[in-house]
Amino acid sequence: MLRWFDILRFAHYSNPEPPRRLEQAEEAWAAQLTPAQFRVMRGKATEPPYRNAYCRTYESGIYACVGCGSWLFDSSTKYHAISGWPSFTQPYAKNAMKYSLDASHHMQRIEAQCNVCDAHLGHVFPDGPVPSGLRYCMNSESLLQVTSENS
Ligand SMILES: [Zn+2]
C-alpha cells in the first residue's frame with residue numbers, strides 16, 4: 001500500500017518504472033481525444049467540480065486511462081471525498097502513475113500522471129481516509145470505467 005511518504009519520495013527522487021510506454025505527437029493526441037479530454041490530459045486543465053462523469057458513481061469495475069487503456073484504479077478504492085471529483089485511496093498498481101511537484105496556481109501540490117502515456121490525471125493529497133491516508137483527486141475526463149466482464 002502506498003502512503004504519503006512513498007508519494008513524496010516518488011515526486012522528489014524517482015518514480016517507479018512504467019510497465020510500458022506510449023508516446024505520440026500532441027497532434028495525434030488531439031485527434032484521438034475529445035477537446036475536453038485533451039484540455040485536461042495534455043493541457044493539465046481541471047474539469048469543473050460535480051459536473052463530471054464519475055463524481056457520484058460507485059459501480060464496481062476498473063478505471064482505465066483514456067489515453068492508453070492502462071488500469072489506474074479499482075472501484076474498491078473509490079470513496080466520497082465531497083470534493084466534486086472522483087477520489088480514490090490507492091492506484092491499481094504501484095507503478096501505474098508517476099508523480100511530480102506542481103507549484104502552479106500558487107499552490108504546492110503533487111501531480112499524478114499516467115506512467116505509460118503521461119496523461120495528466122489530477123493531484124494526490126495526504127488527507128484521505130485510513131489506512132493509506134491518500135486522496136487521489138482525479139479528473140473524470142482522464143478516466144474510463146471498464147467493467148470486469150469487458151476488461
Ligand atoms: Zn495513459
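Located above this text is the structure these notes cover.
From a predicted model like this one, the values you see are computed outputs, not experimental measurements.

**Quick look at the overall build of the protein**
- Helix and strand counts for the protein stand at three helices and nine strands.
- Tracing the protein from N to C terminus, the helices and strands come up as α-α-α-β-β-β-β-β-β-β-β-β.
- Relative to the 2.2 N^0.38 estimate, which gives 15 Å for 151 residues, the radius of gyration of the protein is 14 Å and therefore close to what a compact globule would have.
- Referenced to the eigenvectors of the C-alpha coordinate spread, the extents of the protein come out at roughly 40 × 35 × 30 Å.
- The 151 residues of the protein split such that 34% are buried.
- A separation threshold of at least 6 residues defines the contact pool for the protein, and within that pool the share at least 24 residues apart is 61%.

**Some words on the nonpolar core**
- Residues Cys65, Leu72, Met97, Cys114, Leu121, Tyr136 and Met138 are the most contacted members of the largest nonpolar core, which totals 29 residues.
- Listed by contribution, the elements that provide at least two residues to this core are α1 (4–12), α3 (35–41), β1 (62–65), β2 (71–74), β5 (97–102), β6 (109–114), β7 (120–125) and β8 (135–138).
- Setting aside residues no more than four positions away along its own chain, Met138 makes contact with Trp85, Pro86, Phe88, Leu121, Gly122 and Leu143.

**Some remarks on the pairing of β2**
- Direction of pairing for β1 relative to β2: antiparallel, over a ladder of three bridges. Residue pairing across strands places Ile62 opposite Asp74, the latter belonging to β2.
- The loop that links β1 with its antiparallel partner β2 comprises five residues; one of these, Gly69, has a positive phi angle of about 80°.

**Considering the sheet that holds β7**
- Pairing in this open sheet of six strands is antiparallel, and the strands run β3-β4-β8-β7-β6-β5 from one edge to the other. This sheet does not close on itself; its edge strands, each paired only once, are β3 (78–79) and β5.
- Pairing geometry for strand β4 (residues 87–88) and β8, over two bridges, is antiparallel. Residue Ser87 lies in a different strand from β8, and its bridge partner there is Cys137.
- Where α1 meets the sheet, it contacts β5, β6 and β7, and its direction lies at approximately 75° from that of β5.

**Focus: the environment of Pro35**
- Within the element layout of this structure, Pro35 appears in helix α3.
- Considered as a pair, Pro35 and Arg9 are 26 residues apart in the sequence and their alpha carbons are 33 Å apart.

**Notes on the sheet that holds strand β9 (residues 143–146)**
- Read across the sheet, three strands follow the order β2-β1-β9 without closing on themselves; strand pairing throughout is antiparallel. Each end of this open sheet is capped by a strand with a single partner; those strands are β2 and β9. On average, each strand axis in the sheet is inclined to that of its neighbour by 30°, with strand direction left out of account.

**Focus on the environment of Pro18**
- By the secondary structure assignment, Pro18 is in the loop between α1 and α2 (26–32).
- For Pro18, a count of 17 C-beta atoms within 10 Å translates into the label partly exposed.
- Taking the C-alpha atoms as reference points, Pro18 and Cys114, 96 residues apart in sequence, are found 9.0 Å from one another.
- Setting aside residues up to four positions removed in sequence, Pro18 forms contacts with Asn95, Asn115 and Val116.

What counts as what
Residues numbered from 1 in each chain as written. Predicted model: local features only at pLDDT ≥ 70, side-chain atom pairs only at ≥ 80, totals over all residues. Helix = DSSP H or I, 4+ residues; strand = E, 2+ residues; numbered from the N terminus. Rg over C-alpha atoms; globule rule 2.2 N^0.38 Å. Buried ≥ 20, exposed ≤ 12 C-beta atoms within 10 Å, placed from the backbone. Contact = placed C-beta atoms within 7 Å. Core = buried A, V, L, I, M, F, W, Y, C linked by C-beta atoms within 7 Å. Pairing = 2+ DSSP bridges. Axes fitted to C-alpha atoms, helices over the stretch in contact; angles between N-to-C directions.

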